[in-house]
Amino acid sequence: MNSQYEYCIVGGGIVGFATAMKLIESDPGARVLLLEKEVKPGLHQTSHNSGVIHAGIYYAPGTLKAKLCREGLDATKIFCSNHGIPFNECGKLIVATNELERARINALHERAISNGLNLQIIDGAELSRREPNITGVAALLSPETAIVNFGRVCQKIAEHVSNQRGDIRYGMQVTRIEENEKNVKISCGHENFTASKLIVCGGLQADRLARMAGLAIDFHIIPFRGEYYQLPSEKSAVVKHLIYPAPDPSLPFLGIHLTRMIDGSVTVGPNAVIGFAREGYPKLSFSLQDTLDFLGFPGFWKLMYQYRKHAAHELVVSFSKMAYVRECQKYCPSLTIDDLRPYRAGIRAQVVNSAGEAIHDFLFKQTDRMLHVCNAPSPAATSAIPIGSMIAARCQDTA
Ligand SMILES: Cc1cc2nc3c(=O)[nH]c(=O)nc-3n(C[C@H](O)[C@H](O)[C@H](O)COP(=O)(O)OP(=O)(O)OC[C@H]3O[C@@H](n4cnc5c(N)ncnc54)[C@H](O)[C@@H]3O)c2cc1C
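Report follows, based on the coordinates. (Residues numbered from 1 in each chain as written. Predicted model: local features only at pLDDT ≥ 70, side-chain atom pairs only at ≥ 80, totals over all residues. Heavy atoms only, no water.)

## Some remarks on the pairing of strand S19 (residues 346–353)
This is how it is decided: The buried label goes to any residue with under 20% of its type's maximum accessible area, the exposed label to any with over 50%, and the partly exposed label to all in between, with areas taken from a 1.4 Å probe on protein chains only. Each helix is a run of H or I in the DSSP string that is no shorter than four residues. Each strand is a run of E no shorter than two, and both are numbered from the N terminus. In this analysis, strands are considered paired if DSSP registers two or more bridges between them.
In terms of residue burial, S19 counts as a mostly covered element, since seven of its eight residues are buried. Bridge count between strand S12 (residues 219–226) and S19: eight bridges; the pairing is antiparallel. Residue pairing in the sheet places Ile 221 in a bridge with Val 351 of S19.

## Some points on the packing of aromatic side chains
Here is the rule: Two rings from Phe, Tyr or Trp (for Trp, the six-membered ring) form a pair when their centres sit within 6.5 Å of each other. Planes less than 30 degrees apart are called stacked, planes more than 60 degrees apart edge-to-face, and all others tilted.
Taken as a whole, this structure holds six aromatic pairs when the rule is applied. Ring geometry for Tyr 228 against Tyr 343: centres 6.1 Å apart, planes inclined by 80 degrees, an arrangement best described as edge-to-face. Residue Tyr 228 is found in the loop between S12 and strand S13 (229–230), and its partner Tyr 343 is found in the loop between strand S18 (341–342) and S19; the two are separated by 115 residues along the sequence. Overall, Tyr 228 belongs to the buried group, its relative accessible area being 7%. Take Tyr 343: its relative accessible area is 25%, and that puts it in the partly exposed class. Judged by centre distance (5.9 Å) and plane angle (50 degrees), the ring pair of Phe 276 and Phe 294 falls under tilted. Of this pair, Phe 276 sits in the loop between strand S17 (273–274) and helix H7 (288–295) while Phe 294 sits in helix H7, and the two are 18 residues apart along the sequence.

## As for the side chain of Glu 327
Using the following cut-off: The contact criterion used is simple: two residues touch if any of their non-hydrogen atoms lie within 4.5 Å.
Tracing the sequence through the fold places Glu 327 in helix H10 (residues 321–329). With sequence-adjacent residues up to four places away left out, Glu 327 is seen in contact with Ile 256, His 313 and Val 317.

## Comments concerning the environment of Glu 36
Its place among the elements puts Glu 36 in the loop between strand S2 (32–35) and strand S3 (52–53). According to the relative accessible area criterion, Glu 36 is buried, its value standing at 9%. Glu 36 sits 62 residues away from Asn 98 along the chain, and the two C-alpha atoms are 47 Å apart. Excluding anything up to four places from it in sequence, Glu 36 contacts Gly 11, Gly 12, Gly 13, Arg 169, Tyr 170, Gly 171 and Met 172.

## Concerning helix H5 (residues 150–163)
Rule in force here: To estimate how far a helix should reach, multiply one less than its number of residues by 1.5 Å. By definition, the arc is the one covered by directions from the helix axis to the C-beta atoms. Side-chain atoms alone can form a polar contact between residues adjacent in sequence; in general such a contact is a pair of N or O atoms within 3.5 Å, and within protein one must be able to donate a hydrogen while the other accepts it.
For H5, built from 14 residues, the straight-helix expectation of 20 Å at 1.5 Å per residue is met to within 8% by its first-to-last C-alpha distance of 20 Å. Of the positions making up H5, those classed as buried are Phe 150, Gly 151, Val 153, Cys 154, Ile 157, Ala 158 and Val 161. Buried positions in H5, seen along its axis, are confined to an arc of 160 degrees and lie on one side of it. Each element contacted by the buried residues of H5 is listed here: helix H1 (14–26), S3, helix H2 (64–83), strand S8 (167–169) and helix H11 (380–397). Between the side-chain oxygen at the start of H5 and the backbone nitrogen of Gly 151 there is a gap of 2.9 Å, and the oxygen is on Asn 149.

## Notes on the site of the ligand
This is how it is decided: Whether a residue is near a molecule or strand is decided by its heavy atoms; if any one of them lies within 4 Å of it, the residue is near. Computed by Shrake-Rupley with a 1.4 Å probe, the accessible areas treat only the displayed protein chains as cover when residues are assessed.
Near the ligand lie 38 residues; those nearest to it are Glu 36, Thr 46, Val 52, Ala 376 and Thr 382. In this structure, Ile 14 approaches the ligand through a main-chain N or O atom, which is 3.2 Å from an oxygen atom. Ala 381 places a main-chain nitrogen or oxygen 3.4 Å from an oxygen atom of the ligand. Within the complex, the protein chains bury 97% of what would otherwise be the 1000 Å² of accessible surface of the ligand.

## A word on the packing of H1 against H5
Using the following cut-off: Here, axes are lines fitted to C-alpha atoms. For helices the fit covers the stretch in contact, and angles between N-to-C directions go from 0 to 180 degrees. Crossing handedness follows the turn of the near helix against the far one: under a right angle anticlockwise gives a left-handed crossing, and clockwise gives a right-handed one. Three residue categories are used. Nonpolar comprises Ala, Val, Leu, Ile, Met, Phe, Trp, Tyr, Cys and Pro, charged comprises Asp, Glu, Lys and Arg, and polar comprises the others, including Gly.
The interhelical angle for the contact between H1 and H5, taken along N-to-C directions, is 30 degrees, at an axis separation of 9 Å. Remark: the crossing between H1 and H5 carries left-handed chirality. Of the residues in H5, those touching H1 at Ile 14, Phe 17, Ala 18, Ala 20, Met 21, Ile 24 and Glu 25 are Phe 150, Val 153, Cys 154, Ile 157, Ala 158, His 160 and Val 161. Across the contact of H1 with H5, the residue classes break down as twelve nonpolar, one polar and one charged.

As structure tokens, this is what we get:
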């Protein structure tokens, strides 16, 4: 069996489905196929995250992250409003607990202004008025930051794609990709498809899919587990906003936060420790292939050497609940070790190059007939709809 399409998308997470939606919108009548190896949409990073619709505070002005997150903040809320998906504009507070952190949030404020955001610095008294359980000398308030269930957003986009006659095939693991002058051939075991253009949105498998397609790449995906706890329901009212610590500017994605979830619960986390299985969520998950993959990659060792102190700290926090709770007590002193209840982990697909540098911005690689989304870390769930628009425009520019 061989089926011919204008566009084939590999990967049914939120980025893949948003891309399918935007391709259908911008090229009505084109035959669009999406291949996903799992039985449902969004089972990996898309449904294992903090559920925050980010405003784009941390990202360097001029980067794709800064631009697409800003656009995604509005686009996600509009999509949710139009499709009856609940979201809550609870706002976010980045809390400074000392003078060094005050300087850090002031610098973040400057950056946020350059990114076109409307934020506000509040003093310690205003912080305790808004959040009686949070202690700090000042905080940066982002009123537009919101929460949502991205798994649900992805499911809704999938329904929309299907209603617009997009062809979605679940349980289809892509095992072979061959580009030639006329088209791209994609195989899932014995089943073959042909597309004029291929877009690969493989998340944690992005590097393997790029190599499978013959791209010369010098990076690997390193899986970083993000482990969470959940507060007991009687503590769900402990905060009204999302509460984040002031980040270390060299590693802005680190820092355990208190996150209100759209179901009314509050999670604590995530940390960032090496994962020994790209798609294994229980704590001691192990995959020999995934582990050998990063152990044999010199970039991994360079990264670990460079960040050895942070890595050791994150490992301690992973195995010691006491160390974990101490991180949160810096800004929420009333939390105790008994408040930390088990919760699912997520696994970040972090691109690291052979020089040992973690790539922070979104990264795309394009050939005549393929576009690979190589790096789509946070805030790619927030940014998925504008990422999809950008990919659709790039594919049509080269049609
Ligand atoms: C702990 C954590 C917290 C986060 N918090 C936030 C947040 O609060 N806000 C935010 O905006 N972002 C957040 N993110 C980031 C966000 O979740 C991801 O950036 C986003 O979900 C990426 O979507 P994706 O579609 O690229 O990847 P995924 O959701 O991982 O989807 C990739 C898909 O490709 C499929 N696939 C892979 N290989 C194949 C193959 N060979 N054949 C067929 N299918 C294949 C997979 O099965 C998977 O469904 C967080 C991430 C983590 C891990």
